[in-house]
Amino acid sequence: MKRYIIDNLLVWKNSKNRKPLLIQGARQVGKTWIMKEFGKKEFEQVLYLNFESSSRLKDIFISDFNINRIITVLEIETNTKINPEKTLLIFDEIQEAEKGLTALKYFYEQASHYYIVAAGSLLGVSIQKNSSFPVGKVDFLPLYPMSFTEFLISLGHENLVQQLEQKNWEVLNSFHEKLIELLRLYYFIGGMPEIVANYIENNDLEIVRSLQQKLLMGYENDFAKYAPNEIVPKIKLVWHSIISQLSKENRKFIYNLIKSGARAKDFETAINWLCNAGLILKINRIEKPTLPLNAYLDYDAFKLFFLDIGLLNAVGNLDPKILLEKNKIMLEFKGALTEQFVCQQLIIDHELYYWSSGNTSEIDFILQNKNEIIPIEVKSEENLKSKSLKVFVEKFSNKNALRISMSNYRKEEWLTNIPLYAVNGSITDIQNPALQCLPTLK
């Protein structure tokens, strides 16, 4: 499989100011595979250590943070001589080791020549609970499900991806229907790596749905296993309400949809837990589109999305046969799937917000690209009326408006229309994005 994040790992490896690296992301987004694949490609030796599966490793940092002692124990445990210049140390499920996160500080301060990549399924939750987290002593890299571009490459469509990367619209117009067909497939399968790999091997959407259901069940088991007992029922209520929230015309999160009389203070902790676990994406409203955008956040108004569009489909129990009905899958849940898709693609490289003006106008997504503000309207059909976007452009004299829709690429006087399948490579990248709902701890 192709995962672009490996390119970021190579940048980290070659950085003069390299720190131990934490890869953050939900369970089953491919963290372990990526760390091992990177080690196999870039290092002479890889030492993989899983702190969840070894009781001895769980206690390795308890007595002290003497790096020489720790390295000696690791060498004995693995029967391997560690060469710091040629070995990648992988600390998987590091949150299971007592004082494991704190130990990264001492590797940075006393032995920065070691290459250390760490990850954990609920790392974001663990960071929030860890009062001695080594702020400023680690690098971060968020990981999300596979993008549509990575999905295309995995299915063997490298030539189409090359045209997308080059923005060769004349060629892409000839393959518009083919790309929409592949997009419908991605809407159903999603970007969870194991599920994509299984589809490539078996070409069976029924198996895909079964795997999605098992993964969803595993996430719910995590609620009971790792979350505080008092908020588990609230986590489940929030989790199961997201599909109904997205099915509304206005996708702003409404507490009353969880249960009658629900208030923010009753569910804020549950929402934060799901965000920190990487299971949902939180997009806040901005009060006005002025630089910097994060200075104008409205913390009381937000939209919640699933981490993966395939899992959203599984929650909605959409029949695989719907894929055979042209474009219908794009319209389910009042276009919520399309907005979920765009959110999932953009959040890999961008910090996202949205904007609204009362009940009259709403811009689905707003992002900041250097000194520019880019408003983005999402259309699930070929109906290209863009009233809200027009209002925004006229009100704020914006010159970078984007509409993402089912139609072909076109440049108009006041906006640019980008096909849904081209959203990955058609917006300028913003480097070093932060995982939504996690603090910036660099």
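Our subject is the structure listed above.
Since this is a predicted model, take the numbers as computed values, not measurements.

S.K.: Explain the pattern of salt bridges to me, please; I cannot follow it from the model alone.
M.R.: Side-chain pairs of opposite charge can arise where the charged atoms are in close proximity. Taken as a whole and assessed by the stated rule, the structure comprises 15 salt bridges. A salt bridge links E77 to R56; the shortest N-O distance between them is 2.9 Å. Of this pair, E77 sits in helix α4 (residues 67-78) while R56 is found in helix α3 (residues 55-58), placing the two residues 21 residues apart along the sequence. On the accessibility criterion, E77 (28% relative accessible area) is partly exposed. The partner of R403 in a salt bridge is E412, and the shortest N-O contact between them spans 3.1 Å. Take R403: its relative accessible area is 2%, and that puts it in the buried class. Using a relative accessible area of 29% as the deciding quantity, one classes E412 as partly exposed. Several salt bridges share partner residues, and in doing so they unite R251, K303, E339 and E362 into one network.

S.K.: Honestly, the packing of aromatic side chains in this entry has me stumped. Any pointers?
M.R.: Any aromatic ring pair is given by two values, namely how distant the centres are and how the planes are angled relative to each other. If you walk through the whole model with that rule in mind, you get 28 aromatic pairs. Ring centres of F107 and Y114 lie 6.2 Å apart, and the angle between their planes is 85°; on these two criteria the pair is classed as edge-to-face. Comparing F107 with Y114 shows no difference in burial state: the two are buried. When the centroid spacing of 6.1 Å and the interplanar angle of 40° are considered together, the rings of F305 and F365 count as tilted.

S.K.: Just checking my understanding: could you explain the nonpolar core for this structure?
M.R.: In globular proteins that are soluble, nonpolar side chains generally tend to be buried together. Core analysis: the largest hydrophobic core is formed by 110 residues, its most contacted members being I189, W273, L279, F341 and I376. Take this core: its biggest share by element is nine residues, from helix α10 (residues 176-189). When sequence neighbours within four positions are dropped, the list of residues in contact with I376 reads L346, I363, D364, F365, L367, L402, I404 and I427. If you look at the next biggest cluster of nonpolar residues, it comprises 30 residues, including L57, L74, I116 and V138.

S.K.: Would you mind showing me how to read the packing of α10 against helix α12 (residues 205-226) here?
M.R.: For any two helices packed against each other, the geometry is given by the interaxial angle and the distance between the axes. Where α10 contacts α12, the axes come no closer than 10 Å and their chain directions differ by 35°. Every residue of α12 that contacts α10 at L185, F188 and I189 is listed here: L205, V208, R209 and Q212. In the contact of α10 with α12, the residues fall into five nonpolar, one polar and one charged.

S.K.: What exactly am I supposed to notice about the sheet that holds strand β6 (residues 280-286) here?
M.R.: Note on sheets: strands pair through backbone hydrogen bonds, and any given pair is parallel or antiparallel. Here eight strands make up an open sheet; going across it, the order is β7-β6-β8-β9-β10-β11-β13-β12 and the pairing mixed. Edge strands, defined here as strands with exactly one partner in the open sheet, are β7 (297-306) and β12 (410-411). As defined by bridge partners, strand β9 (residues 361-369) adjoins strand β10 (residues 372-378) across five bridges and the pair is classed as antiparallel. Pairing of Q368 across the sheet is with I373, part of β10. Packed onto the sheet, helix α13 (residues 232-246) meets β6 and β7 and runs at close to 95° relative to β7.

Here is what the cut-offs are and how they apply
Residues numbered from 1 in each chain as written. Predicted model: local features only at pLDDT ≥ 70, side-chain atom pairs only at ≥ 80, totals over all residues. Heavy atoms only, no water. Salt bridge = Lys/Arg side-chain N within 4 Å of Asp/Glu carboxyl O. Helix = DSSP H or I, 4+ residues; strand = E, 2+ residues; numbered from the N terminus. Buried < 20%, exposed > 50% of the residue type's maximum accessible area, 1.4 Å probe, protein only. Phe/Tyr/Trp six-rings, centres within 6.5 Å; stacked < 30°, edge-to-face > 60°. Core = buried A, V, L, I, M, F, W, Y, C linked by side-chain atoms within 4.5 Å. Contact = heavy atoms within 4.5 Å. Axes fitted to C-alpha atoms, helices over the stretch in contact; angles between N-to-C directions. Nonpolar A, V, L, I, M, F, W, Y, C, P; charged D, E, K, R; others polar. Pairing = 2+ DSSP bridges.

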